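Okay, here's what each chain looks like letter by letter:
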Amino acid sequence: MVSHLVNTIRNVVGITGNVISLFLFLSPVPTFIGIWKKGSVEQFSPAPYLATLINCMVWVIYGLPMVHPNSTLVMTINGTGTAIEVVLLTLFLIFCHDKRKRFEVLLIVLVELIFIAVVTTLVLTVVHSTERRSMVVGIIAILFNIMMYASPLSVMKLVISTKSVEYMPFFLSLASFANGVAWTTYAFLPFDPFIAVPNGLGTLFSLAQLLLYATYYNSTKRIIAARQETKIEMNLSEVVVNGNNDPKKTQQNTLD
């Protein structure tokens, strides 16, 4: 009776985790709409999307029936996440005008794909029990899951140095926090250290990002307002200069 109840709660939490994870994977959409409108990725970093891609692919392997049975929810959401990250990285490459950065992103994606192919082949051919396969892939998954949650640390450094959260998407941080809480809860029904450890740490990383966002939100508004004011002043100056250099006006002034 108790085990049945725990299993039911686990499934409910797992489905909730799937929904939240979907929002996490889709949370950069507003950012990419802005990139599309501007026609450039500007200072946005590809690191979170690269880290999420490799993380999702590893968890797909972990969720395979021949690796970790009864983990369909883990496999389905991470398969979806893999497809979403491929689309986001494709858009990043399209709107990235820095050839060197574009080459680096492509190279990292290629390395990730080769790594996943090697891990999958070795786990399914060399390791012969689901317990050992779960342990091997689980350890790898922990590392990449922590990497995914920690990937915005470089952006956090930029936030602190510029006192602006303009390039740290709020919805990505919020979705990461909610995702971490959901999957940490799931990992305790019953206890799964390979899911609990990275998502517990991820919750802390995401909380730090949200605190940072709250700290520098007002200063960001002031910086953006000052930038817009400067832009308006520069446009007015150009109008004045162009008006003074108008040949017709100059000729009319000479005749007068």
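Owing to the predicted nature of the structure, the values given are computational and were not obtained by experimental measurement.

### Quick notes on empty space enclosed by the protein
Across all of its chains, the model carries 3 cavities of 30 Å³ or more by this definition. What lines the largest cavity is a set of 15 residues, and nearest its centre among them are Trp59, Asn78, Asn145, Trp183 and Asn199. Those elements that place two or more of their residues in the lining of the largest cavity are α1 (2-26), α3 (47-63), α4 (72-94), α6 (130-150), α8 (170-186) and α9 (193-244).

### Some points on the pattern of salt bridges
Applying the stated criterion to the full structure yields 2 salt bridges. With a closest N to O distance of 3.3 Å, lysine 38 and glutamate 42 form a salt bridge. What makes lysine 38 exposed here is its relative accessible area of 52%. The partner of arginine 100 in a salt bridge is glutamate 104, and the shortest N-O contact between them spans 3.5 Å.

### Points about the confidence of the model for the protein chain
Low pLDDT marks stretches whose predicted atomic positions should not be read closely. Considering every residue of the protein chain, the mean pLDDT works out to 83; 89% of them sit at 70 or more. Taken element by element, the protein chain is modelled with least confidence in helix α10 (residues 247-255), mean pLDDT 51, and with most confidence in helix α5 (residues 99-125), mean pLDDT 93.

### Some remarks on the packing of aromatic side chains
By the definition in use, this model includes 7 aromatic pairs. Ring geometry for tryptophan 59 versus tyrosine 62: centroids 5.0 Å apart, planes at 75 degrees, classification edge-to-face. Highlighted residues: tryptophan 59 and tyrosine 62, both in helix α3, separated by 3 residues, approximately one helical turn. Note on accessibility: tryptophan 59 and tyrosine 62 belong to one class, buried. An aromatic cluster is present here, built from Trp59, Tyr62 and Phe194 joined pairwise through their rings.

Calculation notes
Residues numbered from 1 in each chain as written. Predicted model: local features only at pLDDT ≥ 70, side-chain atom pairs only at ≥ 80, totals over all residues. Heavy atoms only, no water. 1 Å grid on protein atoms, 1.4 Å probe; cavity = no way out; pocket = protein on both sides within 12 Å on 5 of 7 lines; lining within 4 Å. Points joined across faces, edges and corners; volume = space filled by probe spheres on them. Helix = DSSP H or I, 4+ residues; strand = E, 2+ residues; numbered from the N terminus. Salt bridge = Lys/Arg side-chain N within 4 Å of Asp/Glu carboxyl O. Buried < 20%, exposed > 50% of the residue type's maximum accessible area, 1.4 Å probe, protein only. pLDDT = per-residue confidence, 0-100. Phe/Tyr/Trp six-rings, centres within 6.5 Å; stacked < 30°, edge-to-face > 60°.

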